[in-house]
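Given next are the chains, with one letter for each unit.
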Amino acid sequence: MAARATAALAGEDDLLLSDLVLAECVYVLESFYEVERPRVAELMRSAIALPTIQTVDPATLLRALEVYELERLDFAEAYLVAQAEATGVNEVLSFDRHPALTAPVAPPTLPQPISKAKRAVNGGPTRPAQRAAKRRP
């Protein structure tokens, strides 16, 4: 299974990493494999940065990972905070009483070392046809 996954990631075809699948990966790494939160966030940022991985909104996923790591929220709630910020919603309702859910979360402070995410945010080529066109002489 690992060899097949490695081959798929090294291939030329793009793969979609949906928000829901990323959330499931966070959950499995944290709960089943007992990976520490900072390492989980690092692994997920690395997955988003892979050239063959496509996401619908990489900036929101990166922000959700930052909130998850720094504010110590569950990933689902960190994702909700990131979505709220992106849409201008000023309040997130939750059954949890975590301060980050009742007060605005500080703007991002970590640099985004992920070049693919920057390309997507800056309007660079993110689709296979766009990348192929850019490579042609």
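Here is what the cut-offs are and how they apply
Throughout this document, residue positions are counted from 1 along each chain, in the order its sequence is written. Given that this is a predicted model, residues contribute local features only at a pLDDT of at least 70 and side-chain atom pairs are listed and counted only at 80 or more, while totals for whole chains, interfaces and linings are drawn from all residues. Side-chain numbers here rest on the full set of heavy atoms in the structure, without hydrogens or water. Only buried residues count toward a nonpolar core. Its members are Ala, Val, Leu, Ile, Met, Phe, Trp, Tyr and Cys residues joined through side-chain atoms within 4.5 Å. Type-normalised accessible area, obtained with a 1.4 Å probe on protein chains alone, sets the label of each residue: buried when under 20%, exposed when over 50%, and partly exposed for intermediate values. A run of H or I in DSSP becomes a helix once it reaches four residues, and a run of E becomes a strand once it reaches two; helices and strands are each numbered from the N terminus. A contact between two residues is defined here by any heavy atoms of the two lying within 4.5 Å. The salt bridge criterion pairs a side-chain nitrogen of Lys or Arg with a carboxyl oxygen of Asp or Glu, the two atoms within 4 Å. Side-chain rings of Phe, Tyr and Trp, where Trp is taken by its six-membered ring, are said to pair if the distance between their centres is within 6.5 Å; with planes under 30 degrees apart they count as stacked, over 60 as edge-to-face, and otherwise as tilted. Axis geometry follows a simple rule: fit a line to the C-alpha atoms, using only the stretch in contact for helices, then measure angles between N-to-C directions, giving values from 0 to 180 degrees. Should an angle fall under 35 degrees it is taken as roughly parallel, and over 145 as roughly antiparallel, whereas 65 to 115 is taken as roughly perpendicular and any remaining angle as oblique. Handedness of each helix crossing follows the sense of rotation of the near helix against the far helix: counterclockwise by less than a right angle gives left-handed, clockwise gives right-handed. In this analysis, the expected span of each helix is defined as 1.5 Å times one less than the number of residues it contains.

(A) Structural view of the nonpolar core. With 23 residues, the main nonpolar core has Leu22, Val26, Met44, Ile48, Leu65, Tyr68 and Phe75 as its most contacted residues. At the level of elements, α2 (19-32), α3 (37-49), α4 (58-71) and α5 (75-87) are the ones that each hand at least two residues to this core. No other element matches α4, which puts six residues into this core. Aside from chain neighbours lying at most four places away, what touches Tyr68 is Val26, Glu30, Arg37, Val40, Ala41, Leu73, Asp74, Phe75 and Ala78.

(B) Inspection of the pattern of salt bridges at higher detail. One pass over the structure, following the stated rule, counts five salt bridges. Put simply, Arg63, Glu66 and Glu85 are held in one network by salt bridges that share partners.

(C) Fine view of the packing of aromatic side chains. Enumeration according to the criterion identifies three aromatic pairs in this entry. Pairing Phe32 with Tyr33 gives two aromatic rings, centres 4.9 Å apart and planes at 90°, and the pair type is edge-to-face. Note on Phe32: relative accessible area 61%, which makes it exposed. For Tyr33, a relative accessible area of 53% corresponds to the exposed category.

(D) Expanded view of the packing of α2 against α4. Where α2 contacts α4, the two axes come as close as 12 Å, and the packing angle between them is 25°. Viewed along their axes, α2 and α4 adopt a mutual orientation that is roughly parallel. Pair α2 / α4 crosses with right-handed handedness. The segment α2 lies against α4, with Asp19, Leu22, Val26 and Glu30 engaging Leu61, Leu65 and Tyr68.

(E) The arrangement of α4 in detail. Along its 14 residues, α4 runs 19 Å from first to last C-alpha, staying within 8% of the 20 Å computed at 1.5 Å per residue. Counting buried residues in α4 gives eleven out of 14 residues, a clear majority hidden from the surface. Those residues of α4 not exposed but buried are Pro58, Thr60, Leu61, Leu62, Arg63, Ala64, Leu65, Glu66, Val67, Tyr68 and Glu69. Directly beyond the C-terminal end of α4, a positive phi value near 65° is found at Arg72.

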